[in-house]
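Each chain, written out:
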Amino acid sequence: MIKRKVASASIDNNKKQKITASVQSSLSSFIKAQPRKQTFNSETLLDKIGDENKELLSLEINTMDSEWLKVLSDVIQKPFFIELKKYLQREKDNNKKIFPPESEIYSWSRFTPPSSVKVVIIGQDPYHDNGQAHGLCFSVPHGVPPPPSLINIYKALKKDIPSFQIPKHGNLVNWTKAGVLLLNTSLTVRAHEAASHSGKGWEKFTDAVIQYLNDKKSGLVFMLWGNHAIKKGKNINKTKHLVLQTVHPSPLSASRGFFDCCHWSKANAYLKSHGRQEIEWDCLVETD
């Protein structure tokens, strides 16, 4: 009987080791080319996660910035997030096309880790047409024409800071590298179906991102454009951070105050007053 128990335990350990090795090996294909600062040991997190969830959380463990992974490691193990991942897996199993590509869902985290955040811009859904979404709110990859809301952002910025040169593209990656976190409320969407992944759990996850920045940081600038973003940021501590609010840059609402909001110069004035380097909003022209 004792031998059987020992043998069974050995088989279980071998099975666990094989599962862990398989997960770690198969996930390398998700990792983006951008370097990821290793400040958190993902193997420790793998040891904490049950075998049944290792594969389910593999994308987070292997493609999220290590600083953010440390911050959100408890959040991604909560029941609501596990259910969200199961829902997304069912979407894949049913051949639903999801944007952005898996490897880019957490690109916002890799470009702007917590230690570098100065400004937070909150969007709603990823773009839901082919080739537009790449994990950063309002931004599109090179080769994709800037959408109407982004065109209005450029126009308002030019009016606020006349030296700003409007780029020919819509890729905002250089802003993120300068400390601008471009975070959507929902991180995925079904192709050609706006808000199709709303209410599935992403909102709780991104609430946790905002709560961390609100609680653990000070002197940040939050740009809240439109009712959705304003509601999302309603609990931000205005004594610790600068909260800038206006209408959404969509053509449906931009004329009601967006073009005169001057958020970019106000953000820089605030950062400077708190001893932080200002955002070089004109850095986009380098990537034309």
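Please read these numbers as outputs of a predicted model, since none were measured by experiment. (Residues numbered from 1 in each chain as written. Predicted model: local features only at pLDDT ≥ 70, side-chain atom pairs only at ≥ 80, totals over all residues. Heavy atoms only, no water.)

Peer 1: What exactly am I supposed to notice about the overall build of the protein here?
Peer 2: Check the secondary structure of the protein and you find 12 helices and six strands. Here the protein, with 288 residues, has 52% of them falling under the buried criterion. Relative to all contacts within the protein whose residues are 6 or more apart in sequence, the contacts with residues 24 or more apart total 70%. Accessible surface, the protein: about 14,000 Å² in total, of which carbon and sulfur atoms supply 51%. (Helix = DSSP H or I, 4+ residues; strand = E, 2+ residues; numbered from the N terminus. Buried < 20%, exposed > 50% of the residue type's maximum accessible area, 1.4 Å probe, protein only. Contact = heavy atoms within 4.5 Å. Areas by Shrake-Rupley, 256 points an atom, 1.4 Å probe, with all protein chains shown as cover.)

Peer 1: I keep staring at the packing of aromatic side chains and nothing clicks. Help me out?
Peer 2: Both the distance between ring centres and the angle between the ring planes are used here to describe each pair of aromatic rings. As enumerated under the stated definition, the model contains 16 aromatic pairs in all. The interplanar angle of 85° and the centroid separation of 6.2 Å between the aromatic rings of Phe-80 and Phe-81 together place this pair among those described as edge-to-face. On the accessibility criterion, Phe-80 (19% relative accessible area) is buried. Residue Phe-81 is classed as buried on the basis of its relative accessible area of 0%. (Phe/Tyr/Trp six-rings, centres within 6.5 Å; stacked < 30°, edge-to-face > 60°.)

Peer 1: Would you mind showing me how to read the UniProt feature "active site" (unreviewed entry) in the protein here?
Peer 2: UniProt's feature table lists "active site" (unreviewed entry) at Asp-125, given in the numbering used throughout. On the secondary structure map, Asp-125 appears in the loop between strand S2 (119-123) and helix H8 (148-160). Polar side-chain contacts of Asp-125 include one of 2.4 Å to the backbone nitrogen of Ala-195. (UniProt positions renumbered as here; feature names shortened; annotations may be inferred. Polar contact = N/O pair within 3.5 Å; in protein donor to acceptor, adjacent residues only side chain to side chain.)

Peer 1: In this structure, what is going on with the packing of H8 against helix H12 (residues 263-273)? I would like to understand it.
Peer 2: For any two helices packed against each other, one specifies the inter-axial angle together with the distance between the axes. Packing of H8 against H12 leaves a shortest axis separation of 8 Å and a crossing angle of 60°. As summarised for this structure, H8 and H12 are arranged oblique, according to the angle between their axes. Residue-level inspection shows Ile-153, Ala-156, Leu-157 and Asp-160 of H8 in contact with H12, the latter providing His-263, Trp-264 and Ser-265. When the residues that make up the contact of H8 with H12 are grouped by side-chain class, the tally is four nonpolar, two polar and one charged. (Axes fitted to C-alpha atoms, helices over the stretch in contact; angles between N-to-C directions. Parallel < 35°, antiparallel > 145°, perpendicular 65-115°, else oblique. Nonpolar A, V, L, I, M, F, W, Y, C, P; charged D, E, K, R; others polar.)

Peer 1: What am I meant to see in the nonpolar core here?
Peer 2: A general trend in soluble globular proteins is that nonpolar side chains are found buried together. Counting residues in each nonpolar core, the largest one holds 80 residues, and the members touching the most others are Tyr-106, Trp-108, Trp-175, Phe-205, Met-223, Trp-264 and Trp-281. Dropping the residues within four chain positions of it, Met-223 is found in contact with Val-119, Val-120, Ile-121, Ile-122, Leu-244, His-263, Trp-264, Ala-267 and Trp-281. (Core = buried A, V, L, I, M, F, W, Y, C linked by side-chain atoms within 4.5 Å.)

Peer 1: It is not clear to me how the sheet that holds strand S3 (residues 180-184) should be interpreted in this structure. Could you clarify?
Peer 2: Strand pairing within a sheet occurs via backbone hydrogen bonds; the two strands may be parallel or antiparallel. Sheet architecture is open: four strands sit in the order S3-S2-S5-S6, paired in parallel fashion. The open sheet has two free edges, formed respectively by S3 and strand S6 (242-246), since each of these has just one partner strand. Across this sheet, the average inter-strand angle for adjacent strands is 20°, counted without regard to direction. In terms of strand pairing, S2 meets S3 through five bridges, oriented parallel. (Pairing = 2+ DSSP bridges.)

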